[in-house]
Amino acid sequence: MAERAEAFVRYTADPDPLVRRYAIEAVGLFLADGGRAARIVAERLPAEDGIVERLLVVRTLARLAVRLPETRTTVATWLDDLIDGPERPHVDAPVRLSALTHRTLIDSDRDTADLAPRAITLLRGSTVTPTAVKPCDGCGYCQSSSYVRGRDVAPTVRPAHLAVDWFDPDHLRQEHSPLSSVLRTLHTVLGDRIEDRTALLVAQLTSADAATRYDAIAMAKDLPGPLPRPVLTSLLDLLPDDWAAARIIQDGFSAWWRGSLRVAPEDTELLLDTLYDHMATLRTAYGPDVWASDNALIRTAYQEGVMTLADHRDPRAIPDLIRSLESGMDDWRVLYGVGGYPQAADRLVPLLANGLRLIDPDRPHAPIPAGLYLSRLAELKDPIAIPVITDTLRWAGRHQSWTVVTAALDALAIFGLDARPAHTLVRPLTNAPDDEVRAAARAALDAITDRQPPRPARSKPAQ
């Protein structure tokens, strides 16, 4: 690659910005003459119109200083000029923020006491105050910020270099703002300075730019330990007016999605109360069936709220769990939460039984595995579930659906002596042709008959 470095030099002036981006990085990586590489890359800054390319120039020069230490002084002087130098058209707040971040990276001994406050000031200067220019025209892209709130509002006008043209909450690994790579690097630089990182995240989460806010939610998941209260509060403040943010935030708290937004025990009540208030607002706007709303973003945001309540065994989730099981709308999600509500077993067990009756013996794992229903019946630990489990065991045995038989036996074992009426049904299965069924039947038989393994004989004391 170094032998072809001259080709990369030529491509840095290519008309196609995508070509220029790769060429700029390649010059920083492969040109052997560090002084020349620094000059070529630095000259691209005033020549580039796009913020992505200008930020790339700053990052490439910082990496060049790490690769070729002899260029460090030149690059450091250049970065200092960007940070504190005069106003120039190509040196705006995002470029200064990137320079500030990367200047610290190439000089580990540099005093960084004021790094976070200066970065926050530059971040705020990188976005503009939203202004109204026209009513929302109802386009698909506006639905997450205007139409879905049930009222006519003006869309937010954001800097062209930061705003996202579309948002897909199912693909959250993609960064939505080009500035976010700089901010993520800044968080790395700050390391264990949690107070500074907290202040920076609050500034990101309260930014006027939606793309910056969405990426900040993902960065909050990287904070070590529980969320600091200011970050948690800023996250929760996004819920009422931004369904896309609500989707990302609640994914982070949901056990189903292995959420990585951890909350301190003393903040759990704040989280659950805020989520419940948000859900109540949605029910007021869209009616009691918002769980099954036609708008996928609202529906998912509401469901994530319900399931986060269910993760914490909050009884306020029960009405929605029951409504979902009754309607069959996304009831697969509910099944992961109902087991935590034994106080509602009298209402939940019949609904779970109905779900089991719909299982096709020839396809016991679709669309919802029978074993999931059975494990939730066992988790409720109410004896009224035992007849439902034994009925399932009976038809599964007739159809030789061995995985369902095993799941039913495991569920009966959890009830212990309460499941003794199933004794005559379980005993023959100790001779079933399936190894797992035989093992599960023996375990269930021991549990429902209270059989204890033989105790080892005591040795006689020495005379």
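The rules behind the values
Residues numbered from 1 in each chain as written. Predicted model: local features only at pLDDT ≥ 70, side-chain atom pairs only at ≥ 80, totals over all residues. Heavy atoms only, no water. Helix = DSSP H or I, 4+ residues; strand = E, 2+ residues; numbered from the N terminus. Contact = heavy atoms within 4.5 Å. Areas by Shrake-Rupley, 256 points an atom, 1.4 Å probe, with all protein chains shown as cover. Buried < 20%, exposed > 50% of the residue type's maximum accessible area, 1.4 Å probe, protein only. Arc of directions from axis to C-beta. Core = buried A, V, L, I, M, F, W, Y, C linked by side-chain atoms within 4.5 Å. Polar contact = N/O pair within 3.5 Å; in protein donor to acceptor, adjacent residues only side chain to side chain. pLDDT = per-residue confidence, 0-100. Phe/Tyr/Trp six-rings, centres within 6.5 Å; stacked < 30°, edge-to-face > 60°. Lys NZ or Arg CZ within 6 Å of the ring centre and 35° of its normal. Salt bridge = Lys/Arg side-chain N within 4 Å of Asp/Glu carboxyl O. Axes fitted to C-alpha atoms, helices over the stretch in contact; angles between N-to-C directions. Nonpolar A, V, L, I, M, F, W, Y, C, P; charged D, E, K, R; others polar. Parallel < 35°, antiparallel > 145°, perpendicular 65-115°, else oblique. Left-handed = near helix turned anticlockwise from the far one by under 90°.

Bringing the overall build of the protein into the picture now. Along the backbone of the protein there are 22 helices and 0 strands. At a minimum sequence separation of 6, the contacts of the protein that also span at least 24 residues come to 64%. Roughly 23,000 Å² of accessible area belongs to the protein as shown, and the carbon and sulfur atoms make up 52% of that amount.

Now for helix α8 (residues 180–190). Among all positions of α8, only Ser-180, Val-182, Leu-183, Leu-186, His-187 and Leu-190 are buried. The arc that holds the buried residues of α8, viewed along the axis, is 155 degrees, so those residues lie on one side. On its buried side, α8 packs onto α4 (51–67), α6 (93–106), α7 (115–125), α9 (194–205) and α10 (210–220). Just downstream of α8 lies Gly-191, where phi reads positive at about 55 degrees.

The subject of this paragraph is the nonpolar core. The biggest cluster of nonpolar side chains holds 73 residues, and the ones touching the most others in it are Leu-61, Trp-78, Leu-82, Leu-97 and Leu-227. Ranked by residue count, the leading element in this core is α4, at 9 residues. Grouped together as the second largest cluster of nonpolar side chains are 63 residues, Val-290, Ala-353, Ile-389 and Val-426 included.

Here we take up the side chain of Arg-376. Mapped onto the secondary structure, Arg-376 falls in helix α18 (residues 370–380). Residue Arg-376 is classed as buried on the basis of its relative accessible area, which comes to 14%. A polar contact of 2.6 Å, which involves the side chain of Arg-376, links it to the backbone oxygen of Leu-335. Ignoring anything within four residues of it in the chain, the contact list for Arg-376 reads Leu-335, Tyr-336, Val-338, Gly-339 and Leu-352.

To continue, consider the confidence of the model for the protein. In this model, the protein carries an average pLDDT of 84, and 85% of its residues clear a pLDDT of 70 or more. Taking the mean pLDDT of every element in the protein, the minimum, 72, falls on helix α12 (residues 243–253) and the maximum, 96, on α9. pLDDT under 50 marks residues 163–167. Its contacts with residues more than four places away, or in other chains, come to 12 contacts. With pLDDT under 50 throughout, residues 452–463 is counted as low confidence; its partners more than four residues away or in other chains account for 0 contacts.

Our next topic: the packing of aromatic side chains. One pass over the structure, following the stated rule, counts 1 aromatic pair. Here the basic side chain of Arg-316 rests over the ring of Tyr-276, its NZ or CZ set 4.9 Å away from the ring centre.

Considering the arrangement of structural elements, one finds Ala-113 in the loop between α6 and α7. A relative accessible area of 56% means that Ala-113 is categorised as exposed. A sequence separation of 83 residues divides Ala-113 from Asp-196, and the C-alpha atoms of the two residues are 9.5 Å apart.

It is worth spelling out the pattern of salt bridges at this point. Applying the stated criterion across every chain, the model contains 26 salt bridges. The partner of Glu-25 in a salt bridge is Arg-63, with the nearest N and O atoms 3.9 Å apart. On the criterion of sequence distance, the pair formed by Glu-25 in helix α2 (residues 17–30) and Arg-63 in helix α4 is long-range, its members being 38 residues apart. Beyond isolated ion pairs, a larger network of salt bridges with shared partners links Asp-80, Arg-103, Asp-107 and Arg-110.

Right, let's talk about the packing of α9 against α10 for a bit. Two numbers describe how α9 lies on α10: the axes approach to 8 Å, and their chain directions differ by 145 degrees. Here α9 contributes Leu-201, Gln-204 and Leu-205 to the contact with α10, which in turn contributes Thr-212, Arg-213, Ala-216, Ile-217, Met-219 and Ala-220. The residue inventory of the contact of α9 with α10, partitioned by class, reads 6 nonpolar, 2 polar and 1 charged.

Moving on: the environment of Ser-234. Mapped onto the elements, Ser-234 comes out in helix α11 (residues 229–237). A residue is classified by how much of its surface remains accessible, and Ser-234, at 9% relative accessible area, is buried. Distance from Ser-234 to Leu-205, taken between C-alpha atoms, is 6.3 Å for residues 29 residues apart in sequence. The contacts of Ser-234, once residues within four sequence positions are left out, are Val-202, Leu-205 and Thr-206. Here Pro-230 takes part through its backbone oxygen, which lies 2.9 Å from a polar atom of the side chain of Ser-234.

We now examine the packing of α4 against helix α5 (residues 72–84). When two helices pack together, their arrangement is given by the angle between the helix axes and the distance between those axes. At a minimum axis distance of 8 Å, the contact between α4 and α5 shows a crossing angle of 150 degrees. Accordingly, the angle class assigned to the pair α4 and α5 is roughly antiparallel. You can see that α4 and α5 cross each other, and the crossing is left-handed. Here Val-57, Val-58, Leu-61, Ala-62, Ala-65 and Val-66 of α4 lie close against α5, whose contacting residues are Arg-72, Val-75, Trp-78, Leu-79 and Leu-82.

With that settled, consider unusual backbone geometry. Trans is the prevailing form of peptide bonds, just as negative phi is the prevailing case for residues other than glycine. Notably, Arg-313 is not glycine yet its phi reads approximately 55 degrees, a positive angle. Considering the arrangement of structural elements, one finds Arg-313 in the loop between α14 (296–311) and α15 (318–327). Of note, Lys-381 is a non-glycine position whose phi angle comes to about 55 degrees, a positive value. Following the sequence through the fold, Lys-381 ends up in the loop between α18 and α19 (386–398). Lys-381 gets classed as exposed once you look at its relative accessible area, which sits at 62%.

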